[in-house]
Amino acid sequence: MSMLLPQMKDLPLIEGEKVVLRPITDADTDDIVRWRNDPEVWRYFLFREPFTPEMHRAWLRDKVAAGRVVQYIITERESGRSVGSVYFRDVDRKNESAEYGIFIGEADARGRGIGTETARLFTDFGLNVLRLHRISLKVLGDNEIARRSYEKAGFRTEGVFRDYVKLDGVFTDVVFMAKLGEG
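Heads up: these notes are all about the structure in this document.

**Re the overall build of the protein**
Item 1. The helix and strand tally for the protein stands at five helices and eight strands.
Item 2. Listing each helix as α and each strand as β along the protein from the N terminus yields β-β-α-α-α-β-β-β-α-β-α-β-β.
Item 3. Its C-alpha atoms give the protein a radius of gyration of 16 Å, within 12% of the compact-globule value 16 Å for 183 residues.
Item 4. Each principal axis of the C-alpha distribution contributes one length, and for the protein these read about 45 × 40 × 35 Å.
Item 5. The proportion of buried residues among the 183 residues of the protein is 49%.
Item 6. Each charge class in the protein was averaged separately, 29 positive and 30 negative side chains, and the resulting centres sit 3 Å apart.

In structure tokens form, the structure reads like this:
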């Protein structure tokens, strides 16, 4: 069965108790660039180059608009403030799979369960609306907070790749996790 992604204009809002997730737009560029260049955010990324507006707009054009990425902005339900982003990348229609990614860009939004609720909501959307079967992710081995959050959202550890990447001159483990749909 071939999976067709909805066009960006047809993507729904996804609502939870703490967050509302909405499709990303070019107007989010300044926030994304600011967040991605925050050392507290990028220290958990495998890609650690300085992030520019041009890089983000190329991502929107070449990945999001082309259907290879489905990306949303995480907003606080009460205030409507944008606090981070969540996405599926490397969407594989044939194998009904994608890689999950998330970051909470606003420091005061971290540690409040926003990431866990977002992971639950967005992976349910991926499995039930986008008809994905497998959603995988990679997380740095020392990021215990994220690993626990992913487990609460239904991800299971599949393996640990020891010394998989060299970050800041130190070899670091990467944990591979996945969440599967039914059937």
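**Some details on the pairing of strand 5 (residues 97-104)**
Item 1. Counted residue by residue, strand 5 has eight buried out of eight residues, so it is predominantly covered.
Item 2. Burial of the side chains of strand 5 extends over both faces: S97, E99, G101 and F103 are buried on one face and A98, Y100, I102 and I104 on the other.
Item 3. Note that strand 4 (residues 82-92) and strand 5 share seven bridges and pair antiparallel. Bridge pairing links F88 to Y100 in strand 5.
Item 4. The sheet contact formed by strand 5 and strand 6 (residues 134-140) spans three bridges and is parallel. Paired with E99 across the strands is S136, a residue of strand 6.
Item 5. Assessed by its sense of winding, the connection that carries the chain from strand 5 through helix 4 (residues 114-128) to strand 6 is right-handed.

**Considering the pattern of salt bridges**
One side chain can pair with another of opposite charge once the charged atoms of both are near each other.
Item 1. Within the structure shown, the criterion is met by 16 salt bridges.
Item 2. D28 is paired through a salt bridge with R22; the nearest N and O atoms lie 2.6 Å apart.
Item 3. Across the pair D62 and R61 runs a salt bridge, and its minimum N-O distance is 2.9 Å.
Item 4. Residue D62 is classed as partly exposed on the basis of its relative accessible area, which comes to 35%.
Item 5. On the accessibility criterion, R61 (54% relative accessible area) is exposed.

**Digging into the nonpolar core**
Side chains of nonpolar character tend, in soluble globular proteins, to be buried together.
Item 1. Core analysis: the biggest nonpolar cluster contains 33 residues, and Y72, I74, F88, Y100, F122, F125 and Y150 have the highest contact counts within it.
Item 2. If we skip the residues at most four places from it in the chain, Y150 touches Y100, I102, L137, V139, F155 and M177.
Item 3. In terms of nonpolar packing, the next biggest core, distinct from the first, is built from 14 residues, I24, W59, V64 and Y87 among them.

**Re the sheet that holds strand 1 (residues 14-15)**
Item 1. One open sheet holds the eight strands; their spatial order is 1-2-3-4-5-6-8-7, and the pairing between them is mixed. Bordering the open sheet on either side are strand 1 and strand 7 (156-167), each of which pairs with just one other strand.
Item 2. With seven bridges joining them, strand 6 and strand 8 (residues 170-180) adopt antiparallel strand pairing. Bridge assignment links K138 to a residue of strand 8, and that residue is F176.
Item 3. The sheet contacts of helix 5 (residues 144-152) involve strand 5, strand 6, strand 7 and strand 8, and relative to strand 6 the element is tilted by about 165°.

**A word on the environment of F176**
Item 1. Residue placement: F176 occurs in strand 8.
Item 2. Separated by 18 residues in sequence, F176 and E158 have C-alpha atoms that sit 5.6 Å apart.

**Some remarks on the packing of helix 1 (residues 29-36) against helix 3 (residues 53-64)**
Item 1. Following both chains from N to C, one finds helix 1 and helix 3 inclined at 115°, their axes separated by 9 Å at the closest point. Crossing handedness for the pair helix 1 and helix 3: right-handed. Where helix 1 abuts helix 3, its residues T29, I32 and V33 lie against P53, H56, R57 and L60.
Item 2. Of the residues belonging to the contact of helix 1 with helix 3, the class tally is four nonpolar, two polar and one charged.

Rules and cut-offs
Residues numbered from 1 in each chain as written. Predicted model: local features only at pLDDT ≥ 70, side-chain atom pairs only at ≥ 80, totals over all residues. Heavy atoms only, no water. Helix = DSSP H or I, 4+ residues; strand = E, 2+ residues; numbered from the N terminus. Rg over C-alpha atoms; globule rule 2.2 N^0.38 Å. Buried < 20%, exposed > 50% of the residue type's maximum accessible area, 1.4 Å probe, protein only. Lys, Arg positive; Asp, Glu negative; His and termini not counted. Charge placed at Lys NZ, Arg CZ, Asp CG, Glu CD. Pairing = 2+ DSSP bridges. Right-handed = clockwise from strand over helix to strand, strands pointing away. Salt bridge = Lys/Arg side-chain N within 4 Å of Asp/Glu carboxyl O. Core = buried A, V, L, I, M, F, W, Y, C linked by side-chain atoms within 4.5 Å. Contact = heavy atoms within 4.5 Å. Axes fitted to C-alpha atoms, helices over the stretch in contact; angles between N-to-C directions. Left-handed = near helix turned anticlockwise from the far one by under 90°. Nonpolar A, V, L, I, M, F, W, Y, C, P; charged D, E, K, R; others polar.

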